[in-house]
Amino acid sequence: MSPTVFTIMISSLATGTIITMTSHHWLMAWIGLEMNTLAIIPVISTMYNPRSTEAATKYFLTQAAASAMILFSSMINAWQTGTWDITNLSYSPAHILLTTALAMKLGLAPMHFWLPEVLQGSTLTTALIITTWQKLAPMALIFMTLNNLSTTTLILLGLLSSIIGGWGGLNQTQTRKIMAFSSIAHLGWMITIASIMPNIMILNLVIYMIMTTALFCSLILSKSKTIQDTTATWTLSPTLTTMMMILLLSLGGLPPLTGFMPKWLILEELVAQNLSPTATIMAMSALLSLFFYMRLTYTTTLTLSPNTAQAKFKWRFKPNRTTLLMWASSTISIFFLPLTPLITQ
């Protein structure tokens, strides 16, 4: 894809998200979501192989179905209430349709099946866009309609997503699929707390995006597409290897790293709302996710791939340059926890 076309696509992607996030009318929100979907499809299918074409087709069908459901829910709500205002969603069937559609757009369980397949068929850079930027518009719609959505439904969706996100990633060998299940699990945590404490949901979304960006930048730099590829990271850069180890532990939610902050705040709030069983299940599901992060950590830092004297090491090739985005996001992903009292004031 030429730089000009890529720039147009990314600009359209950003514009679509911004239109959805700033709109008050359901039709404008829908137009933003459609722009978003249509802009990312050429980016997914840039590889010109059957797998990327399949990924683009799956993404288009899923997102188009979800957009149609959003449009239908807003239409029946407008029919009943006489208003197209996003915040005035008071008709019960419209809530159910909207919740289902947004869960499908985000990749929440049980509507998550498209996400690992689409990420596996796209490049690491495209996977980064899908797991971070593409979550903003649906999350904005959830935030705007929170007062009208069912708390019980959101908590059940969140619980299911966190469990399936942990369980699904256990036997994966592809880093993109692991990141897809990681995304499902993290979104589960966000949705669980959404109707109880929206501020924590936004904080969790921001931290998740920063940590995911940092890890994807590391994977792009080390060209690690499978777990086996991560064993050769040490020959590329010992510093990068150490950084990846700490990033993975942060994504797993271990203190004293940044990833512990949202989990800590969410569990604290769930217990304060007398939802101790929910908090217990969430904490147990975090252990499932932690297992596959630990497995990636182990292969990255504690194993070296068997190499003969004639084998070409990664450092013998032309190295990619580390970016400012990678170092900034990595630093925030590691050292942000002491600022928790400042953020939660």
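Please refer to the structure placed before this passage.
Bear in mind that the values here come from a model prediction, so they are computed numbers and not experimental data.

What follows deals with empty space enclosed by the protein. Within this structure, the stated rule accounts for four cavities of 30 Å³ or more. The calculated volume of the largest cavity comes to roughly 100 Å³. Lining the largest cavity are Leu33, Asn36, Thr37, Tyr59, Gln63, Lys105, Trp114, Ile130, Gln134, Lys135, Ala137 and Pro138. Among the secondary structure elements, those contributing two or more residues to the lining of the largest cavity are α2 (26–44), α3 (50–81) and α7 (136–145). For the lining of the largest cavity, the element with the most residues is α2, which contributes three residues.

This part covers the packing of aromatic side chains. Scanning the model with the defined rule gives three aromatic pairs in all. Aromatic pair Phe260 and Trp264: ring centres 5.8 Å apart, planes at 10 degrees, arrangement stacked. Within this pair, Phe260 and its partner Trp264 are both found in helix α14 (residues 260–272), separated by four residues, close to a single helical turn. A ring pair is formed by Phe292 and Tyr293, whose centres lie 5.0 Å apart and whose planes are at 50 degrees; its orientation type is tilted. Each member of the pair, Phe292 together with Tyr293, is buried. Looking at Lys263, its charged tip hangs above the ring of Trp189, at a distance of 5.2 Å from the centre.

The full count for this structure, using the stated rule, is three salt bridges. Here Lys58 ties to Glu54 by a salt bridge, and the two come within 2.8 Å at their closest N and O atoms. Residue Lys58 and its partner Glu54 are located together in helix α3, separated by four residues, close to a single helical turn. With relative accessibility at 29%, the residue Lys58 sits in the partly exposed group.

Looking along the chain, the bond that leaves Ala109 and enters Pro110 is cis, with omega of 5 degrees. Looking at where Pro110 falls in the secondary structure, it is placed in the loop between α4 (92–106) and α5 (114–121). Residue Pro256 is reached from Pro255 by a cis peptide bond, and omega for that bond is 5 degrees. Residue position: Pro256 is located in the loop between α13 (238–252) and α14. The backbone phi angle of Lys223 is positive, close to 50 degrees, even though this residue is not glycine. Mapped onto the elements, Lys223 comes out in the loop between α10 (198–222) and α11 (227–230).

Most of α7 sits out of view: nine of its ten residues are buried. Buried residues along α7 sit against α1 (3–22), α2, α3, α4, α9 (175–194) and α10.

Let us now look at the environment of His186. The topology assignment puts His186 in helix α9. The buried category is assigned to His186, whose relative accessible area is 4%. A sequence separation of 79 residues divides His186 from Leu265, and the C-alpha atoms of the two residues are 14 Å apart. The contact partners of His186, leaving out residues within four places of it in the chain, are Asn204, Tyr208, Met211, Leu251, Lys263 and Tyr293.

Thresholds applied
- For every chain, the first residue of the written sequence is number 1, and numbering continues from 1 along that sequence.
- In keeping with the predicted nature of the model, local features appear solely for residues at pLDDT of at least 70, side-chain atom pairs appear and are counted solely at 80 or more, and the whole-chain, interface and lining totals rest on all residues.
- Note that water and hydrogens are dropped before the side-chain values are worked out from all heavy atoms of the structure.
- With a 1 Å grid laid over protein atoms only, a set of points is called a cavity when a 1.4 Å probe fits there but cannot get out and a pocket when it is open yet has protein on both sides within 12 Å along at least five of seven lines; lining residues have an atom within 4 Å of a point.
- Grid points are joined across faces, edges and corners, and a volume is the space filled by probe spheres set on the points.
- Labels follow the DSSP assignment, with helices taken as runs of H or I lasting at least four residues and strands as runs of E lasting at least two, numbered in each case from the N terminus.
- Between rings of Phe, Tyr and Trp, where Trp is taken as its six-membered ring, a pair exists when centres lie within 6.5 Å; planes separated by under 30 degrees are stacked, by over 60 edge-to-face, and by other angles tilted.
- For every residue, the accessible area obtained with a 1.4 Å probe (protein chains only) is divided by the maximum for its type, and the residue is called buried under 20%, exposed over 50%, and partly exposed between those limits.
- A ring is scored as having a charge over it whenever the NZ atom of a lysine or the CZ atom of an arginine sits within 6 Å of its centre and within 35 degrees of its normal.
- For salt bridges, the criterion is a side-chain nitrogen of Lys or Arg within 4 Å of an Asp or Glu carboxyl oxygen.
- Residues count as neighbours in contact if any of their non-hydrogen atoms are within 4.5 Å of one another.

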